[in-house]
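Now for the letters of each chain:
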Amino acid sequence: MIQFTTPLSIRLGVVGAGTMGSGIALTALLADMYVTLYDVNLQMLERAWSYIDRYLARKSRSSNLSRLKLTSEWEDLGKANFIIEAVPEDLALKQDLFSRLDASCPPPTILATNTSTLAVTAIAASAQHPERVVGMHFFNPAPVMPLVEVVRAAQTDTATLQAASAAAKLLGKTPIEVRDIPGFIVNRVARPFYGEALRLAGEGIASYEIIDRIVRLGGGFKMGPFQLMDLIGIDVNLAATQSMYEQTYGEPRYRPYYLQVQMVQQKALGRKTGRGFYLYDAEPTFDDPPRPPVGLGAKAAGEQAVYIAGGDWAPGIAQACQQAGYLLAAAPGRGYLALAPTPDSVGLVIAGISEGLKEKLASLERQLPAEALILCQCADVTLMELAADMKAPERLVGFDGLFFADGQVATLVASPTLTDRARQAAENFIASLGRLPIWVNDAPGLVLPRIVCMLANEAAFAAGEGIAEPDEIDRAMQLGVNYPKGPLAWARELGLVRVVAVLDHLHAELGEERYRVAPLLRRWARLERMK
Ligand code: NAD
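On a predicted model such as this, the values are computed, not experimentally measured, just so you know.

**Student:** Now, about the overall build of the protein: what can you tell me, with residues and values included?
**Tutor:** A count of helical and extended segments in the protein gives 20 helices and 15 strands. Counting only C-alpha atoms and orienting by the principal axes, one finds that the protein spans roughly 90 × 45 × 45 Å. The 531 residues of the protein split such that 55% are buried. In the protein, 71% of the contacts between residues at least 6 apart in sequence involve partners at least 24 apart. Of the accessible surface of the protein, which amounts to about 21700 Å², a share of 53% is contributed by carbon and sulfur atoms.

Encoded structure:
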């Protein structure tokens, strides 16, 4: 049995000197290991050398270059006791390689594959000693991203898994052990980030730019989904989705979407082809407009009264109104925070949805002055459903309350007969709370509730299937793809009951099995209700 205790106890062989292989070799050199980097293509070896040389020079670690051997001689791999394969994502190619590695590098050498989407079990099957084959899924750029998914194939033995995890730690990475299922944790749980964004654009709810902006400024993600697909390569991203769809025999959550397929058909693959969802003739800037200043602007505080009805679906909004100088007071009744209108006031109502919303809206409509704007949270109801029951929907605006508290934007939806005056009043009000108003078309789950609740749902499916512990899944998403929060912790913060309500609403409105709630998520939501 092999045990890795120090960097020098590892003699690393890396097969494939492309993006990932050169990055993994560099990571190992930075960790003071000896590395043999093998490729069949001499040009790729040269390119890898200049990349590694430049990086080490920048870090003043050029002396570590002496530990690197670049080679196209297969025999040189025989001296390694730990091999990581990073050749193109092609099962036949990898199987051929592992059967040859198995013959040339006998046990106890550990053989690892960096595959993103192929079954490690199928790759291991080509070896005579499959128990020493393991998945080690690094993230791009390998020297920077801290996560390594250590994948246990059906044949992998515990000693191999432990050795791979120990090696990952010696490489300075955080290993997370995961079962061999399509997409492992990160690529699997991240699918809705792209899939739901593509559908939102395809359904005409908002443009790529608007969706990206809402995701960045409202959700705190470093990049919007379209920006990120352009960076990854739209073809690479589609191939991952397609592979997961095929390996799961058509799971609807992974079904590819025509919009992405058409991009690939046009060879608009993202940054690498100069055109993807964005144009890269000149370096595009993804600068967002500044956040508006908090406050009532020209209007003196006290002139406007805000009514907040049942704000439980819009946490943080009452405080934001108070900070902006609106008059606000608790009134009797279920969840009301309200102040009677003064004759010169502009009445604004923010209805956080709870049971009996439609009745509440009807009674508010009767009580409010005719010019009062009605803003209604609509993450789990379409605005049309509410407008259809109102006498005067021309003053009704929907908004995403769920992502209001932490966001720099507020997503707004106009009722079909909204007046210009009401539209302007809604924009002014949202801006006075220090949020950028962004309009989208009416849709179940709007933008962030749909994307984030589907991320949480996918994470809950994975946890329910025993792929990894919930905390591990959350950690993997933060370390592997830089998510601002782990999807499951995020769901608990939003309220599991609300997350399930958003998903049930999506399922009911869109009628697709894709939106069915993960059994574990529903169980957790019921537990939350009991508390
Ligand atoms: P790449 O195309 O940049 O590099 C592949 C390298 O393998 C090339 O240098 C090629 O010459 C070499 N090669 C081809 N056949 C070979 C053979 N028979 N023997 C030795 N070398 C051979 O690919 P990449 O992006 O580095 O991806 C490699 C693997 O890593 C894939 O399985 C991919 O799914 C996975 N991966 C990629 C990323 C990413 O973001 N690029 C992230 C994680 C995992």
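Next comes the rest of the description.
**Student:** Could you give an account of the sheet that holds strand 8 (residues 174-179), with specific residues and numbers?
**Tutor:** An order of 3-2-1-4-5-6-7-8 is seen for the 8 strands of this open sheet, with the pairing classed as mixed. The two strands at the open ends of the sheet, each matched to only one other strand, are strand 3 (68-71) and strand 8. Between one strand axis and the next, the sheet turns by 25 degrees as a mean value, whatever way the strands run. Two strands pair when backbone bridges link them, and strand 1 (residues 11-15) and strand 4 (residues 82-85) are joined in this way by 4 bridges, in the parallel orientation. For V15, the partnering residue across the bridge sits in strand 4 and is E85. Along the sheet face, helix 2 (residues 42-58) touches strand 2 (34-38) and strand 3 and points at about 160 degrees away from the line of strand 3. The sheet contacts of helix 5 (residues 158-170) involve strand 4, strand 5 (110-113), strand 6 (133-138), strand 7 (147-152) and strand 8, and relative to strand 7 the element is tilted by about 170 degrees.

**Student:** Talk me through helix 19 (residues 496-510); I want residue IDs and the actual numbers.
**Tutor:** For helix 19, which comprises 15 residues, the first-to-last C-alpha distance of 21 Å matches the rise-based estimate of 21 Å (1.5 Å per residue) to within 8%. If you check which residues of helix 19 are buried, you get L496, V499, V500, V502, L503, H505 and L506. Buried residues along helix 19 sit against helix 14 (383-387), helix 16 (448-464), helix 18 (487-494) and helix 20 (519-530). G511, located one to two residues past helix 19, shows a positive phi value of around 65 degrees.

**Student:** Can you explain the packing of helix 8 (residues 208-219) against helix 9 (residues 225-232)? Please cite residues and give values.
**Tutor:** For any two helices packed against each other, one specifies the crossing angle of their axes together with the interaxial distance. Running from N to C, helix 8 and helix 9 point in directions that differ by 105 degrees, and their axes come no closer than 7 Å. Here helix 8 is positioned roughly perpendicular relative to helix 9, judged by the angle of their axes. Where helix 8 abuts helix 9, its residues Y208, I211, D212, V215 and R216 lie against P225, F226 and Q227. Looking at side-chain class alone, the contact of helix 8 with helix 9 contains 5 nonpolar, 1 polar and 2 charged residues.

**Student:** Can you break down the packing of aromatic side chains residue by residue, with the values?
**Tutor:** Within the structure shown, the criterion is met by 14 aromatic pairs. Both rings, one in F193 and one in Y194, keep their centres 5.6 Å apart while their planes meet at 80 degrees; by these two values the pair is edge-to-face. Of the two residues, F193 and Y194, both sit in the buried class. Ring centres of Y208 and F226 lie 4.7 Å apart, and the angle between their planes is 40 degrees; this geometry places the pair in the tilted category. Residue Y208 is located in helix 8, and its partner F226 is located in helix 9; the two are separated by 18 residues in the primary sequence. A relative accessible area of 22% means that Y208 is categorised as partly exposed. An aromatic cluster is built from F193, Y194, F221, F403, Y483 and W490, whose rings are joined through pairwise contacts.

**Student:** Which residues make up the confidence of the model for the protein, and what values do they have?
**Tutor:** Across the protein, the average pLDDT comes to 90, with 92% of residues at 70 or higher. Counted against residues more than four places away or in other chains, residues 298-302, with its pLDDT under 50, gives 6 contacts. Across residues 329-346 the pLDDT falls below 50, and counting only partners more than four positions away or on other chains, this stretch makes 41 contacts in the model.

**Student:** Describe the side chain of S415, and please don't skip the residues or the numbers.
**Tutor:** Among the structural elements, S415 can be located in the loop between strand 14 (409-414) and helix 15 (420-432). Aside from chain neighbours lying at most four places away, what touches S415 is L383, A387, P393, E394 and L396.

**Student:** Describe unusual backbone geometry, and please don't skip the residues or the numbers.
**Tutor:** P108 follows P107 through a cis peptide bond whose omega is 15 degrees. With omega at 0 degrees, the peptide bond leading from N140 into P141 counts as cis. Examined against the element boundaries, P141 turns out to sit in the loop between strand 6 and strand 7. The phi torsion at L446 lies on the positive side, around 45 degrees, for a residue other than glycine. Looking at the secondary structure, you find L446 in the loop between strand 15 (436-439) and helix 16.

**Student:** Now, about the pairing of strand 1: what can you tell me, with residues and values included?
**Tutor:** Along a regular strand, successive side chains alternate from one face of the sheet to the other. Counting buried positions along strand 1 gives 4 out of 5 residues, so the element sits mostly inside the fold. Bridge count for strand 1 against strand 2 is 5 bridges, and the pairing is parallel. Note on strand 2: the bridge partner recorded for V15 is Y38. In this view, the connection linking strand 1 to its parallel neighbour strand 2 by way of helix 1 (residues 19-30) has right-handed handedness.

**Student:** Go over the site of the ligand with me, naming the residues and quoting the values.
**Tutor:** Close to the ligand lie 23 residues, the nearest being M20, D39, E89, K94 and S116. Contacts to the ligand include M20, whose backbone N or O atom sits 2.8 Å from an oxygen atom. At 3.3 Å from an oxygen atom of the ligand is found a side-chain nitrogen or oxygen belonging to N140. In isolation the ligand has 840 Å² of accessible area, and contact with the protein removes 78% of it. Elements with a contribution of two residues or more to the shell around the ligand: helix 1, helix 3 (91-104) and strand 6.

**Student:** Give me the lowdown on the pairing of strand 14, citing residues and values where you can.
**Tutor:** Strand 14 sits mainly inside the fold: 5 of its 6 residues count as buried. Note that strand 13 (residues 396-399) and strand 14 share 3 bridges and pair antiparallel. Looking across to strand 14, one finds that V397 is bridged to A414. Two strands pair when backbone bridges link them, and strand 14 and strand 15 are joined in this way by 4 bridges, in the parallel orientation. Counterpart to V409 in the pairing with strand 15 is L436. Handedness of the crossover joining strand 14 and strand 15 through helix 15 is recorded here as right-handed.

Scoring rules and cut-offs
- Residues numbered from 1 in each chain as written.
- Predicted model: local features only at pLDDT ≥ 70, side-chain atom pairs only at ≥ 80, totals over all residues.
- Heavy atoms only, no water.
- Helix = DSSP H or I, 4+ residues; strand = E, 2+ residues; numbered from the N terminus.
- Buried < 20%, exposed > 50% of the residue type's maximum accessible area, 1.4 Å probe, protein only.
- Contact = heavy atoms within 4.5 Å.
- Areas by Shrake-Rupley, 256 points an atom, 1.4 Å probe, with all protein chains shown as cover.
- Pairing = 2+ DSSP bridges.
- Axes fitted to C-alpha atoms, helices over the stretch in contact; angles between N-to-C directions.
- Expected span 1.5 Å × (residues − 1).
- Parallel < 35°, antiparallel > 145°, perpendicular 65-115°, else oblique.
- Nonpolar A, V, L, I, M, F, W, Y, C, P; charged D, E, K, R; others polar.
- Phe/Tyr/Trp six-rings, centres within 6.5 Å; stacked < 30°, edge-to-face > 60°.
- pLDDT = per-residue confidence, 0-100.
- Right-handed = clockwise from strand over helix to strand, strands pointing away.
- Near = heavy atom within 4 Å.
- Polar contact = N/O pair within 3.5 Å; in protein donor to acceptor, adjacent residues only side chain to side chain.

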